[in-house]
Amino acid sequence: MPPLVSIITPSYNQARFLEETIQSVLSQDYPHLEYLIVDGGSTDGSLEIIQRYADRLAWWVSEPDRGQTDAINKGFNQARGQVLAWLNSDDTYLPGAISQAVACLQAHPEAVLVYGDADLVDAQGKLLGPFPARQTNLRRMLRGSVHIPQQASFFRAELWPLVGPLDPDFYFAMDYDLWLRLAKQGKFVYTPQRWASFRLHQAGKTQVSDDRCYPEMIRAARRLTGRPPLALIFRWGLRRIFYAWLPQRVRLWLRRSV
C-alpha cells in the first residue's frame with residue numbers, strides 16, 4: 001500500500017476558483033489520497049460547491065475560524081496521512097503531481113520536504129510565467145532566498161508534532177515559518193517537475209505589498225535563531241526601495257533572475 005497523502009484546502013468566499021481547485025485534487029492519479037476542505041463559513045456559494053463533492057471528501061467543515069492559518073491547522077489535526085500538503089482554494093495541482101511527489105519522497109528518504117515547480121497564472125488561468133523555484137536550505141532561507149512554491153510542496157507527517165502547528169498570528173509568512181522549522185529537522189529536495197499552478201489575482205494575498213509579509217518573515221527568523229536576521233532585513237529594505245513599484249511582469253522577470 002502506498003503512503004496515504006492528506007491534502008488540505010482552506011477556503012473562504014472563493015467560489016470563483018474553488019471548484020477548479022477541488023477537481024484538480026480529485027482527478028489525481030494517485031491511489032491513496034484523502035482530501036479535506038476547511039471552509040471559514042463562506043456566503044458566496046462555496047458551501048454548495050463543497051456539498052457537491054462531499055461523498056469524495058475524507059472530511060469537511062464550514063464554520064467561522066481565525067483565518068487561513070487556523071483553517072490549515074484544523075485540517076492537519078484531522079489528517080491521517082503519512083504525507084501532508086495544503087492547496088489554497090485559488091490554486092490547482094497539475095496532473096500527476098501527487099504521484100510524482102510521493103515518488104520523490106521515496107527516492108530521497110533523507111528528505112523531510114520535497115517541492116517541484118509551479119506555473120504563475122492570472123485570474124483567468126492564463127500563464128504569466130514560472131515561479132522561480134530552485135534548491136534552497138535553512139541558511140539561504142534565513143537570507144530571504146526561499147524559492148519554494150507552497151502549492152508544490154509536500155512534507156512528511158511524522159514531523160508535524162515537532163514543527164506544528166502553524167502560527168495563527170501569521171497571515172502571510174506561516175509557510176515560511178513552517179519551512180524554517182522543517183529545515184532544522186532535515187533536508188529539502190527540489191525537483192524540476194511542474195506540480196501546481198499558483199494563481200495571482202487582485203483578491204489574492206500575494207498581490208499585497210511586501211510591507212506586510214517581510215515583517216512576519218523577520219519575526220519567524222528571529223524566533224528561530226534568537227538574533228536579528230540582518231541579511232533578511234537588508235533584503236526587505238532593498239525591495240522597498242527598488243522593487244515594489246515595478247510592474248508585475250518586470251517583478252516576475254526579476255524573481256527568475258535572482
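Residues numbered from 1 in each chain as written. Predicted model: local features only at pLDDT ≥ 70, side-chain atom pairs only at ≥ 80, totals over all residues. Heavy atoms only, no water.

Chemist: Quick rundown of empty space enclosed by the protein? Include the residues and the values.
Modeler: The full count for this structure, using the stated rule, is 2 cavities of 30 Å³ or more. Looking at the second largest cavity, its volume works out to about 40 Å³. Contributing to the lining of the second largest cavity are Ala85, Trp86, Leu113, Ser153, Phe155, Leu178 and Trp179. Elements with a minimum of two residues in the lining of the second largest cavity: strand 4 (83-86), strand 8 (153-156) and helix 7 (174-183). Looking at the lining of the second largest cavity, its residues break down into 6 nonpolar, 1 polar and no charged. (1 Å grid on protein atoms, 1.4 Å probe; cavity = no way out; pocket = protein on both sides within 12 Å on 5 of 7 lines; lining within 4 Å. Points joined across faces, edges and corners; volume = space filled by probe spheres on them. Helix = DSSP H or I, 4+ residues; strand = E, 2+ residues; numbered from the N terminus. Nonpolar A, V, L, I, M, F, W, Y, C, P; charged D, E, K, R; others polar.)

Chemist: Tell me what's going on with unusual backbone geometry, and back it up with residues and numbers.
Modeler: Note: most peptide bonds trans; most residues except glycine with negative phi. In this model, Gly164 is joined to Pro165 through a cis peptide bond whose omega is -5 degrees. Along the chain, Pro165 falls in the loop between helix 6 (160-163) and helix 7. A positive phi angle, close to 55 degrees, is found at Asn13, a residue other than glycine. Residue Asn13 is classed as partly exposed on the basis of its relative accessible area, which comes to 28%. Although it is not a glycine, His147 sits at a positive phi angle of roughly 60 degrees. Following the sequence through the fold, His147 ends up in the loop between helix 5 (138-142) and strand 8. (Buried < 20%, exposed > 50% of the residue type's maximum accessible area, 1.4 Å probe, protein only.)

Chemist: Pulling in residues and values, what's your account of the nonpolar core?
Modeler: In this structure, Met141, Tyr176, Leu182 and Phe188 are the most contacted members of the largest nonpolar core, which totals 40 residues. Tallying contributions element by element places helix 7 first for this core, with 7 residues. The residues contacting Tyr176, other than those within four sequence positions of it, are Met141, Leu142, Val146, Met217, Ala220, Ala221 and Leu232. By size, the runner-up hydrophobic cluster in this structure holds 38 residues, among which are Leu18, Ile22, Ile50 and Ile98. (Core = buried A, V, L, I, M, F, W, Y, C linked by side-chain atoms within 4.5 Å. Contact = heavy atoms within 4.5 Å.)

Chemist: Which residues make up a nonpolar patch on the surface, and what are the values?
Modeler: A cluster of nonpolar residues, Phe234, Leu238, Ile241 and Phe242, forms a patch on the protein surface that exposes about 440 Å² of accessible area. Along the chain, Phe234 falls in helix 9 (residues 230-242). (Patch = residues over 30% accessible without salt bridge, like charges linked within 9 Å, V, L, I, M, F, W, Y side chains within 5 Å. Areas by Shrake-Rupley, 256 points an atom, 1.4 Å probe, with all protein chains shown as cover. Salt bridge = Lys/Arg side-chain N within 4 Å of Asp/Glu carboxyl O.)

Chemist: Can you tell me about the pairing of strand 1 (residues 5-11), naming the residues and giving the values?
Modeler: Regular strands place side chains that alternate from one sheet face to the opposite one. Counting buried residues in strand 1 gives 7 out of 7 residues, a clear majority hidden from the surface. Neither face of strand 1 is left uncovered, since the one carrying Val5, Ile7, Thr9 and Ser11 and the one carrying Ser6, Ile8 and Pro10 both have all their residues buried. For strand 1 and strand 2 (residues 33-39), the ladder comprises 7 bridges, and the chain directions are parallel. For Ser11, the partnering residue across the bridge sits in strand 2 and is Asp39. Of the pairings in the sheet, the one linking strand 1 to strand 4 comprises 4 bridges and is parallel in character. Across the sheet, the residue bridging to Ser6 is Leu84, located in strand 4. (Pairing = 2+ DSSP bridges.)

Chemist: If you had to explain the environment of Val25 to someone new, which residues and values would you point to?
Modeler: As for its placement among the helices and strands, Val25 is situated in helix 1 (residues 15-26). Here Val25 falls in the buried class, since its relative accessible area comes to 0%. Considered as a pair, Val25 and Ala196 are 171 residues apart in the sequence and their alpha carbons are 10 Å apart. Dropping the residues within four chain positions of it, Val25 is found in contact with Ile7, Leu33, Tyr35, Leu87 and Tyr93.

Chemist: Any chance you could break down the packing of aromatic side chains for me, citing the residues and the numbers?
Modeler: Remark: the centre distance and the inter-plane angle together describe each pair of aromatic rings, the angle taken between the planes. Counting across every chain of the model gives 9 aromatic pairs. Judged by centre distance (6.2 Å) and plane angle (65 degrees), the rings of Phe76 and Trp86 are edge-to-face. Of this pair, Phe76 sits in helix 3 (residues 68-78) while Trp86 sits in strand 4; the two residues are 10 residues apart in sequence, bridging distant segments of the chain. One exposure class covers both Phe76 and Trp86, and it is buried. Where Tyr93 meets Phe154, the ring centres are 5.8 Å apart and the plane angle is 25 degrees; that geometry is what we call stacked. A residue pair is termed long-range when its members are at least 10 positions apart, and Tyr93 in strand 5 (residues 92-93) and Phe154 in strand 8 qualify at 61 residues. The pair formed by Tyr93 and Phe154 is uniform in burial state, with each residue classed as buried. (Phe/Tyr/Trp six-rings, centres within 6.5 Å; stacked < 30°, edge-to-face > 60°.)

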